[in-house]
Amino acid sequence: MKFLASVVVLALAVSYIKSEELTKENAIAVAAACKEEQGASDDDVEALKNHEAPSTHEGKCMAACIMEKFGVLADGKMVKEKAIEVGIALFGDDEAKATAIVEACESLEVDDDHCEAAVQYGACLKEHALAH
């Protein structure tokens, strides 16, 4: 679950969406597929595992890919409802906390590049999650 939480908080996105759609194993499989699709390195994966933003463009695109596959990011923008679902799963069904964190970041002005946007949303979500 630590890997799963890392990806969601930073990439924001991946986690457990209440539907069997995402299990820990599925999240790892999606991350591996995105790593390959985007040409990300093992170092990029390690950065996510260590709660750090990837430093390469490929790593950032891997994070965006993960978020997109789980519906947290679409067209370079955070999908509030899905992000809240992820937050609820991470915070033990604390909908108020998840909603507050997502709402703090939903209007963030992000880069037009969806890869950069994913990392920017991830940093914002991480910052607000740590504050809670």
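The residue numbers shown here count from 1 along each chain, following its written sequence. Two thresholds apply to this predicted model, a pLDDT of at least 70 for residue-level local features and 80 or more for giving and counting side-chain atom pairs, whereas whole-chain, interface and lining totals are computed over all residues. Side-chain metrics rest on all non-hydrogen atoms present in the structure, leaving aside hydrogens and water.

- An unreviewed UniProt entry lists the protein under the name General odorant-binding protein 19d, with Musca domestica given as the organism.

### Description of the pattern of salt bridges
Then, number 1: Salt-bridge detection follows one rule: a side-chain nitrogen of Lys or Arg within 4 Å of a carboxyl oxygen of Asp or Glu. As enumerated under the stated definition, the model contains six salt bridges in all.
Then, number 2: The residue Lys80 makes a salt bridge to Glu106 at a minimum N-O spacing of 3.6 Å. Residue Lys80 is located in helix H5 (residues 80-90), and its partner Glu106 is located in the loop between helix H6 (95-105) and helix H7 (114-131); the two are separated by 26 residues in the primary sequence.
Then, number 3: For Glu106, a relative accessible area of 36% corresponds to the partly exposed category.
Then, number 4: Linked through salt bridges whose partners overlap, the residues forming this network are Lys80, Glu103 and Glu106. A run of H or I in DSSP becomes a helix once it reaches four residues, and a run of E becomes a strand once it reaches two; helices and strands are each numbered from the N terminus. Under the scheme applied here, a residue whose accessible area is under 20% of the maximum for its type counts as buried, over 50% as exposed, and between as partly exposed, the area being computed with a 1.4 Å probe on protein chains only.

### Description of H6
Every α-helix carries 3.6 residues per turn, so stepping three or four residues along brings you back to the same face.
Then, number 1: All of the buried residues in H6 are Ala98, Thr99, Ile101, Val102 and Cys105. The buried residues of H6 occupy an angular sector of 165° when projected down its axis, which confines them to one face.
Then, number 2: We call two residues contacting when some pair of their heavy atoms lies within 4.5 Å. Tucked inside the fold, the buried residues of H6 contact strand E2 (77-78), H5 and H7. An arc is given here, and it is the one of the directions from the helix axis to the C-beta atoms.

### Some details on unusual backbone geometry
Then, number 1: A positive phi angle, close to 65°, is found at His51, a residue other than glycine.
Then, number 2: Residue position: His51 is located in the loop between helix H3 (42-49) and helix H4 (57-69).
Then, number 3: At Asp75, a residue that is not glycine, the phi angle is positive and equals roughly 55°.

### Describing the side chain of Asp44
Then, number 1: Mapped onto the secondary structure, Asp44 falls in helix H3.
Then, number 2: For the purpose of charge, His is not counted, nor are the chain termini; Lys and Arg are scored as positive and Asp and Glu as negative. For the buried Asp44, no salt bridge is present, and the opposite-charge side chain at shortest range is Lys35, 8.1 Å distant.
Then, number 3: In terms of polar contacts, Asp44 uses its side chain to reach the backbone amide nitrogen of Ser41, at 2.8 Å.
Then, number 4: The residues touching Asp44, leaving out its near neighbours within four places in the chain, are Pro54, Ser55, Thr56, Glu58, Gly59 and Met62. Counting of polar contacts relies on pairs of N or O atoms within 3.5 Å, with two restrictions inside protein: one atom must be capable of donating a hydrogen and the other of accepting it, and residues adjacent in sequence are counted only when both atoms are side-chain atoms.

### Observations regarding the environment of Cys105
Then, number 1: Take Cys105: it is sitting in helix H6.
Then, number 2: On the accessibility criterion, Cys105 (0% relative accessible area) is buried.

### Thoughts on the packing of H6 against H7
Then, number 1: Axis definition: a line fitted to C-alpha atoms, limited for helices to the stretch in contact. Angles are taken between N-to-C directions and run from 0 to 180 degrees. Between H6 and H7, the shortest axis-to-axis distance is 9 Å and the interhelical angle comes to 135°. Classified by the angle between their axes, H6 and H7 sit oblique to one another. Relative to H7, the crossing made by H6 is right-handed. Counted together, Ile101, Val102, Ala104 and Cys105 of H6 and Tyr121, Cys124, Leu125, His128 and Ala129 of H7 form the full contact between these two elements.
Then, number 2: Throughout this entry, Asp, Glu, Lys and Arg are counted as charged residues, while Ala, Val, Leu, Ile, Met, Phe, Trp, Tyr, Cys and Pro are counted as nonpolar. The remaining residues, Gly among them, count as polar. Residues of the contact of H6 with H7, tallied by class, amount to eight nonpolar, one polar and no charged. The labels follow the angle: roughly parallel below 35 degrees, roughly antiparallel above 145, roughly perpendicular from 65 to 115, and oblique for the rest. Note: crossing handedness is left-handed where the near helix turns anticlockwise from the far helix by less than a right angle, and right-handed where it turns clockwise.

### Here's the deal with the environment of Ala98
Then, number 1: Position of Ala98 among the secondary structure elements: in helix H6.
Then, number 2: Assessed through its relative accessible area of 1%, Ala98 is described here as buried.
Then, number 3: A sequence separation of 11 residues divides Ala98 from Gly87, and the C-alpha atoms of the two residues are 4.6 Å apart.
Then, number 4: Non-local contacts of Ala98, meaning those with residues more than four positions away in its chain, are made with Ile84, Gly87, Ile88 and Phe91.

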